[in-house]
Amino acid sequence: MTSMSRARVARRIAAGAAYGGGGVGLVGAAAVGLLLAEVRLARRHVGHHGGGRVPVADGVYGHAYDVPGAGEPPLRLTMLGDSTAAGQGVHRAGQTPGALLASGLAAVAERPVELRNVALPGAQSDDLDRQVASVLSGVAPVPDICVIMIGANDVTHRMPPTRSVRHLSAAVRRLRTAGAEVVVGTCPDLGTIEPVQQPLRWLARRASRQLAAAQTIGVVEQGGRSVSLGDLLGPEFEANPRELFGPDNYHPSAEGYATAAMAVLPTVCAALGLWPAEEERPDVSRREGFLPVARAAAEAASEAGTEVTPAMPTGPRGPWALLKRRRRRRVPEAEPATPSV
């Protein structure tokens, strides 16, 4: 599917989500049925290798920056979404994406970071309503930034993409209205799941990218930023699947989560105003620039690690966005967290 075709489909899905339209099919029903059989076969391994347990990584990271009398409380980072956001597939808390992002953010900000993770393995986008309610319950302060990773289960459970995007857009809107910055890692490429074979691998990739592009439109229109996870790990999976897939062959390993965290961290820092100003300008040599949001979303879905950020509110073809291909930053190894008080 071309970038322009994907942009048209993404616009239709996002419009249906915004205005309550019906479902827009990602792939044919028969193909989806076969895809589900393959993916569920892959998922059957989950839990047989210890992949069902998710390490608890909540707490405060960046102890070295906790200067007595400095007067600045820790930055508050919250993870929402599915098993990818939770960190299923690894054994130590410091290997989860939340812990890696908290440690990286602390190093950039030179300030402690308090991590809270409300992500639920197996969650679909309709669970974001519950997760956001938990985050904004009033028991704890509103997070400075929220990172959402969601979408894979929507594809494998055949949730209509308009419904999927509607729930994600509502979650971003509620969090932004409350005062939190929001970064969304869009639907990963299910074509990288090792047991899925061709031609279903191609169908999985197509469905994943279509949903990711539609998610980006919904996120940007609500004032959030998106980062395409897509086939970010695809080349690494294909070259060395045993290293980058976890023991269940479905969730990323520690190395896989570190790769994803490296892609998301620059956008998290930029959202909080912690990135150098010169890096916020579009770099033509890196094919960055301002585009209609649907086109930016389609291009991002085709190239993992690409950020899409709200820009001009409107233009001849609707809202515009800034497409950025940020240089990935190595994420420091996460230290043990101090439990939150």
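A brief report on the enclosed structure follows. Note that residues are indexed from 1 along each chain, following the sequence as it is written. Selection of residues for local features in this predicted model requires a pLDDT of at least 70, selection of side-chain atom pairs for listing and counting requires 80 or more, and totals for whole chains, interfaces and linings are taken over all residues. Side-chain descriptors were evaluated using all non-hydrogen atoms of the structure, hydrogens and water having been removed beforehand.

### Notes on the overall build of the protein
The helix and strand tally for the protein stands at 12 helices and nine strands. Relative accessible area decides the class of each residue, using a 1.4 Å probe on protein chains only: under 20% of the type maximum gives buried, over 50% gives exposed, and in between gives partly exposed. Across the 341 residues that make up the protein, the buried fraction comes to 55%. Pairs at least 24 residues apart make up 81% of the contacts formed inside the protein by residues separated by at least 6 positions. The numbering of helices and of strands both runs from the N terminus, where a helix is a DSSP run of H or I of at least 4 residues and a strand a run of E of at least 2. Two residues qualify as a contact provided that any one of their heavy atoms is within 4.5 Å of a heavy atom in the partner residue.

### Digging into the sheet that holds strand β5 (residues 181-185)
Note: two strands are recorded as paired if DSSP finds a minimum of 2 bridges between them. Strands sit in the order β1-β3-β2-β4-β5-β6-β8-β9-β7 across an open sheet of nine strands; the sheet is mixed. Of all strands in the sheet, those bounded by a partner on one side alone are β1 (59-61) and β7 (289-292). Averaged over all neighbouring strand pairs, the angle between strand axes comes to 25 degrees, with direction disregarded. With five bridges joining them, strand β4 (residues 145-149) and β5 adopt parallel strand pairing. Fitted lines through C-alpha atoms serve as axes, helices being fitted only where they are in contact, and the angles separating the N-to-C directions of these axes extend from 0 to 180 degrees.

### Description of the pattern of salt bridges
Side chains carrying opposite charge are able to pair once their charged atoms draw close together. We count a salt bridge whenever a side-chain nitrogen from Lys or Arg sits within 4 Å of a carboxyl oxygen from Asp or Glu. Per the stated rule, a full pass over the model turns up 13 salt bridges. Of the charged contacts in the structure, one is a salt bridge between D127 and R130, with a shortest N-O distance of 2.9 Å. A relative accessible area of 16% places D127 in the buried class. In this structure, R325 engages E303 in a salt bridge whose closest nitrogen and oxygen atoms are separated by 2.9 Å. With R325 in the segment after β9 (320-324) and E303 in the loop between α12 (293-302) and β8 (307-310), the pair connects residues that are 22 residues apart, well separated along the chain. The class for E303 is partly exposed, based on a relative accessible area of 28%. Residues joined by salt bridges that share partners form a network here, namely R287, R295, E299, E303 and R325.

### A look at unusual backbone geometry
Backbone geometry follows two general trends: most residues other than glycine have a negative phi, and most peptide bonds adopt the trans configuration. Phi angles above zero are rare outside glycine, and E110 is one such case at about 55 degrees. Note on placement: E110 falls in the loop between α4 (97-109) and β3 (113-117). Using a relative accessible area of 57% as the deciding quantity, one classes E110 as exposed. Residue R287 is not a glycine yet carries a positive backbone phi of 60 degrees. Relative to the helices and strands, R287 is located in the loop between α11 (254-271) and β7.

### Focus: the nonpolar core
Of all hydrophobic cores here, the largest spans 33 residues; its most connected members are L77, L101, V147, V183 and V264. Mapped by element, the contributors of at least two residues to this core are β2 (75-81), α3 (83-86), α4, β3, β4 and α11. Looking at this core, the element that brings in the most residues is α11, giving eight residues. Residues within four places of V147 in sequence aside, it is in contact with L77, T78, M79, L80, L101, V183, V264 and V268. Here the nonpolar core consists of buried residues drawn from Ala, Val, Leu, Ile, Met, Phe, Trp, Tyr and Cys, with membership extended through side-chain atoms lying within 4.5 Å. Residues A213, I217, V220 and A301 belong to the second largest nonpolar core, which totals 23 residues.

### A short note on the pairing of β4
By the criterion of burial, β4 is predominantly enclosed, with five of the five residues buried. Across the two faces of β4 the burial is the same, with I145, V147 and M149 and C146 and I148 all buried.

### A short note on the packing of α4 against α11
The geometry of α4 relative to α11 is characterised by a closest axis approach of 9 Å and an angle of 45 degrees between their N-to-C directions. Of the possible angle classes, the one that applies to α4 and α11 is oblique. Every pair of crossing elements has a handedness; the one defined by α4 and α11 is right-handed. The residues of α11 that touch α4, namely those facing P97, L100, L101, G104, L105 and V108, are Y257, A258, A261, V264, L265, V268 and C269. Amino acid classes used here: Ala, Val, Leu, Ile, Met, Phe, Trp, Tyr, Cys and Pro are nonpolar; Asp, Glu, Lys and Arg are charged; the rest, including Gly, are polar. Here the contact of α4 with α11 is composed, by residue class, of 12 nonpolar, one polar and no charged. Convention used here: angles under 35 degrees read as roughly parallel, angles over 145 as roughly antiparallel, angles from 65 to 115 as roughly perpendicular, and any remaining angle as oblique. When the near helix sits turned anticlockwise from the far one by under a right angle, the crossing is termed left-handed; a clockwise turn instead gives a right-handed crossing.

### Considerations on helix α7 (residues 161-178)
A helix is expected to span 1.5 Å for every residue after the first. With 18 residues, α7 should cover 26 Å at 1.5 Å per step; its first-to-last C-alpha distance of 26 Å lies within 8% of that length. Regarding α7, the residues found buried are P161, T162, S164, V165, H167, L168, S169, A170, A171, V172 and L175.

### Some words on the environment of G62
With respect to the helices and strands, G62 occurs in the loop between β1 and β2. Taking C-alpha positions, G62 is 7.8 Å from E110, a pair spaced 48 residues apart along the chain.

### Re α4
Helix length check: α4, at 13 residues, gives a terminal C-alpha distance of 18 Å against a target of 18 Å (1.5 Å per residue), a fit within 8%. Across the 13 residues of α4, 10 count as buried, placing the element largely inside the fold. Among the residues of α4, P97, G98, A99, L100, L101, A102, S103, G104, L105 and A106 are the ones counted as buried. Contacts from the buried residues of α4 go to β1, β2, α3, β3, β4 and α11. A positive backbone phi angle near 55 degrees is found at E110, which sits one or two residues after α4.

### Some thoughts on the environment of H63
You can see H63 is positioned in the loop between β1 and β2. On the basis of relative accessible area, H63 is assigned to the partly exposed category, the value being 33%. Linking H63 and P112, residues 49 residues apart in sequence, is a C-alpha distance of 6.1 Å.

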